[in-house]
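Observations on the three-dimensional arrangement
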Amino acid sequence: MMYSREVEEMCVVAKGPNHGSAPIPVEGRWVQSKEVTDISGLTHGVGWCAPQQGACKLTLNVKDGIIEEALIETIGCSGMTHSAAMASEILPGKTILEALNTDLVCDAINTAMRELFLQIVYGRTQTAFSEDGLPIGAGLEDLGKGLRSQVGTMYGTVAKGPRYLEMAEGYITETALDADGEIIGYKFVHLGKMMEFVAKGMEANEALVKATGQYGRFDEAVRVIDPRHN
């Protein structure tokens with residue numbers, strides 16, 4: 001350790017009490033974190049790229065400082081999906097500090113990692129007060145049946161009004177309108193379920209029908225439109 005001459009010539013003054021870092025909640029315990037390995041927790045966060053053309057929702061399940069599970073969901077530019085593919089290989093097995101200082105290929109994923117790091121080390125995880133946290137696999141369960149991200153895609157113009165294209169329930173195929181032309185319901189296809197049916201040998205049209213549902217007052221529609229072509 002190198003000291004300047006000014007410091008070397010100073011006399012020693014005793015330090016007062018040193019209580020250490022403030023404890024943070026970590027999976028049902030209060031922890032005075034000093035090392036990366038003191039940190040555990042599952043949390044979600046969102047990052048964005050520099051030109052703000054796309055975003056990433058990142059879910060990490062951290063045990064003893066190690067990322068044991070990572071879910072990367074992206075929306076925006078097409079290249080982000082390939083970046084997410086690489087990040088899914090890069091993140092697991094790294095400490096949160098390593099991951100913070102690793103190029104995760106996409107600005108949005110890097111930013112999401114930064115935001116999650118802050119949440120985790122400040123004890124702001126989803127599992128801060130949950131004893132032992134959540135098992136590995138909890139992040140994947142967030143996707144639900146069919147393992148598809150919860151996506152909402154809507155479009156609207158002054159001239160023609162709103163178009164519902166995709167809801168959490170699935171891909172919108174028909175929109176129900178009342179006598180005033182206002183939306184009162186919609187019909188959707190849960191694509192994750194449909195692909196599971198097809199993979200199990202069901203004929204495609206039958207799988208389509210089985211994976212179709214409706215929401216709202218669809219049966220009361222005065223007019224039904226295809227939101228992509230009408």
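Residues numbered from 1 in each chain as written. Predicted model: local features only at pLDDT ≥ 70, side-chain atom pairs only at ≥ 80, totals over all residues. Heavy atoms only, no water.

The protein appears in an unreviewed UniProt entry as Iron-sulfur cluster assembly scaffold protein from Clostridium gasigenes.

In this section: the overall build of the protein. Looking only at helices and strands, the protein features 7 helices and 11 strands. Principal axes of the C-alpha set define a box for the protein whose edges measure 90 × 40 × 30 Å. Classification of the 230 residues of the protein by burial places 35% in the buried group. Total accessible area computed for the protein in this model is approximately 14300 Å², and 54% of it derives from carbon and sulfur atoms. (Helix = DSSP H or I, 4+ residues; strand = E, 2+ residues; numbered from the N terminus. Buried < 20%, exposed > 50% of the residue type's maximum accessible area, 1.4 Å probe, protein only. Areas by Shrake-Rupley, 256 points an atom, 1.4 Å probe, with all protein chains shown as cover.)

Within the secondary structure layout, T175 lies in strand β8 (residues 170-177). Judged by its relative accessible area of 2%, T175 falls in the buried class. T175 has contacts with Y164, I183, G185, Y186, F218, R223, V224, I225 and P227, leaving out every residue within four places of it along the chain. (Contact = heavy atoms within 4.5 Å.)

In this section: the sheet that holds strand β4 (residues 55-63). Pairing within the open sheet is antiparallel, and its 3 strands lie in the order β3-β4-β5. At either end of the open sheet lies a strand with only one pairing partner, and these are β3 (41-48) and β5 (66-75). The mean angle between the axes of side-by-side strands here comes to 15 degrees, regardless of whether they run parallel or antiparallel. Alignment of β3 against β4, held across 8 bridges, turns out to be antiparallel. Within β4, the position partnered with H44 by the bridge is T59. (Pairing = 2+ DSSP bridges. Axes fitted to C-alpha atoms, helices over the stretch in contact; angles between N-to-C directions.)

Right, let's get into the pattern of salt bridges. One pass over the structure, following the stated rule, counts 7 salt bridges. One salt bridge in this structure joins K187 and E174, with 3.7 Å as the shortest N-O distance. Here K187, found in strand β9 (residues 183-189), pairs with E174, found in strand β8; they are 13 residues apart in sequence, far enough to count as distant. With relative accessibility at 22%, the residue K187 sits in the partly exposed group. Taking the relative accessible area as the measure of exposure, E174 reaches 29% and is therefore partly exposed. (Salt bridge = Lys/Arg side-chain N within 4 Å of Asp/Glu carboxyl O.)

Domains assigned within the protein are domain 1 (22-143) and domain 2 (153-225). Here the C-alpha centre of domain 2 lies 33 Å away from the C-alpha centre of domain 1. (Domains from an automatic or database assignment.)

Turning to the environment of I136, a few remarks are in order. As for its placement among the helices and strands, I136 is situated in the loop between α4 (107-121) and α5 (138-141). Distance from I136 to K63, taken between C-alpha atoms, is 9.2 Å for residues 73 residues apart in sequence.

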